[in-house]
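Working through the structure, step by step
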Amino acid sequence: MERKLNEIMIGIRDSQQEAKDAEQRKNDMIIYMAHDLKTPLTSVIGYLTLLKDEPEISQELRQKYLDIAWNKAGRLEDLVNEFFELTRMNFAHMSLNCNMVNMSMMVEQFMYEFKPLLTEKGMDYQLETEPEIMVYCDIEKMQRVFDNLLKNAINYGYPDSMIHVYLEKNGEKGMRLIVQNHGQTIPAEKLSYLFEQFFRLDSSRDSQTGGTGLGLAIAKQIVELHGGKISCESSNETIVFIVEI
């Protein structure tokens, strides 16, 4: 009886700690959300105020202010979408809508669509994929994974460098996706934190490099929901993300 009572007490303490941790994560999310949304919003309001209060400014300066406000508004939209996506995954029941997907075709299409973003940074890509790799998965969610990995490679990759993407079979019905880019080596002690919510390699959240620190956390949730795993390796100014389904 004493052993059972001890087990019950331990279970109660664990449940209380889990509830406390969940509450802390929610509070952290609210704090980070407010911080990350405030910066671009302040810029948008600031430049629109300049346009409103200075009707006599030159057309060139007016266009400059509009371009900055437009870019900041786009940044704000990206942040809102990321927060919404993570909140939906954390607090709502998310089910998979799986079908057989030709991952070879999907990856080729995605790389083509990312060509403009790569060109902006002077980067290029090399794709190696086995043909007709069919995987039973939720294509919309897997697209989100690939989107996050590519954006991460572009944001943290060196300008004028090459991104290498490899897609190969993993057993009869699985796949192994590798995204490799060249950038600053990630310290070994930070690799285990990469997939945690709000973790960013840069120390300042005001940095224009990267995003909210949610992209890789979202990717991890999606991959694990498919019964797979995602990992990262880094050495000699090379970063490699591996997704196995």
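Note that this is a predicted model, so its numbers are computed, not measured. (Residues numbered from 1 in each chain as written. Predicted model: local features only at pLDDT ≥ 70, side-chain atom pairs only at ≥ 80, totals over all residues. Heavy atoms only, no water.)

Some details on the overall build of the protein
Looking only at helices and strands, the protein features seven helices and seven strands. Helices (α) and strands (β) of the protein occur, in sequence order from the N terminus, as α-α-β-α-α-β-β-α-β-β-α-α-β-β. In the protein, once contacts between residues fewer than 6 apart in sequence are set aside, the share between residues at least 24 apart is 71%. As displayed, the protein has an accessible area near 14,900 Å², and 53% of this comes from carbon and sulfur atoms. (Helix = DSSP H or I, 4+ residues; strand = E, 2+ residues; numbered from the N terminus. Contact = heavy atoms within 4.5 Å. Areas by Shrake-Rupley, 256 points an atom, 1.4 Å probe, with all protein chains shown as cover.)

Some remarks on the packing of helix H5 (residues 139–156) against helix H7 (residues 215–225)
For the pair H5 and H7, the least separation of the axes is 9 Å and the interaxial angle reads 145 degrees. Taken as a pair, H5 and H7 cross one another with a handedness that is left-handed. Note on element contacts: H7 touches H5 through Gly215, Leu216, Ile218, Ala219, Ile222 and Val223, opposite Lys141, Met142, Arg144, Val145, Asn148, Leu149 and Asn152. Taken together, the residues that form the contact of H5 with H7 break down as eight nonpolar, three polar and two charged. (Axes fitted to C-alpha atoms, helices over the stretch in contact; angles between N-to-C directions. Left-handed = near helix turned anticlockwise from the far one by under 90°. Nonpolar A, V, L, I, M, F, W, Y, C, P; charged D, E, K, R; others polar.)

A few points about the packing of helix H3 (residues 103–113) against H5
Contact geometry of H3 with H5 gives a least axis separation of 11 Å together with a crossing angle of 45 degrees. Relative to H5, the element H3 lies oblique. For the element pair H3 and H5, the recorded crossing hand is right-handed. Contacts from Met106, Val107, Phe110 and Met111 in H3 reach Ile139, Met142, Gln143, Phe146, Asp147 and Leu150 in H5. (Parallel < 35°, antiparallel > 145°, perpendicular 65-115°, else oblique.)

Details of H5
If you check H5, its first and last C-alpha atoms are 26 Å apart, about what 18 residues at 1.5 Å a residue would give, namely 26 Å. Within H5, burial applies to Lys141, Met142, Arg144, Val145, Phe146, Asp147, Asn148, Leu149, Leu150, Asn152, Ala153 and Ile154. Here H5 starts with a cap whose side-chain oxygen sits 3.2 Å from the backbone nitrogen of Glu140, and that cap is Asp138. (Expected span 1.5 Å × (residues − 1). Buried < 20%, exposed > 50% of the residue type's maximum accessible area, 1.4 Å probe, protein only. Polar contact = N/O pair within 3.5 Å; in protein donor to acceptor, adjacent residues only side chain to side chain.)

Examining unusual backbone geometry
Excluding glycine, a negative phi dihedral is what most residues carry, and trans is how most peptide bonds are arranged. A positive phi angle, near 55 degrees, is found at Glu132, a position not held by glycine. For Glu132, the location among the structural elements is in the loop between strand E2 (124–129) and strand E3 (134–137). Although it is not a glycine, Asn236 adopts a positive phi angle of roughly 50 degrees. Along the chain, Asn236 turns up in the loop between strand E6 (229–235) and strand E7 (238–244). The class for Asn236 is exposed, based on a relative accessible area of 71%.

Things to note about the nonpolar core
Counting 40 residues, the largest nonpolar core has Phe146, Leu149, Ile163, Met175, Leu177 and Val243 as the members making the most contacts within it. Mapped by element, the contributors of at least two residues to this core are H3, E3, H5, strand E4 (162–169), strand E5 (175–182), H7, E6 and E7. The leading source of residues in this core is H5, at seven residues. Apart from residues no more than four positions distant in its own chain, Leu177 is found in contact with Val107, Phe146, Leu149, Val165, Tyr166, Leu167, Phe241, Ile242 and Val243. (Core = buried A, V, L, I, M, F, W, Y, C linked by side-chain atoms within 4.5 Å.)

Here's the deal with the sheet that holds E6
Spatial strand order, E2-E4-E5-E7-E6: five strands in an open sheet with mixed pairing. Pairing within the sheet leaves two strands with one partner each, and these edge strands are E2 and E6. Direction aside, neighbouring strands of the sheet carry axes that sit 15 degrees apart on average. Relative to E5, E4 is paired through six bridges, and the arrangement is antiparallel. (Pairing = 2+ DSSP bridges.)

Details of the side chain of Ser234
Mapped onto the elements of the fold, Ser234 is located in strand E6. Given a relative accessible area of 16%, Ser234 falls into the buried group. Within the structure, Ser234 has its side chain in polar contact with the backbone nitrogen of Ile186 (distance 2.8 Å). At 3.2 Å, the side chain of Ser234 forms a polar contact with the backbone oxygen of Thr238. Leave out the neighbours within four places in its chain, and Ser234 touches Thr185, Ile186, Leu191 and Ile239.

As for the pairing of E5
Each regular strand carries side chains that alternate between the two faces of the sheet. For E5, the tally of buried residues reaches six of eight residues, placing the bulk of the element in the interior. Sheet topology places E5 next to E7; seven bridges connect them, and they run antiparallel. Among the inter-strand pairings, Asn181 is bridged to a residue of E7, identified as Ile239.

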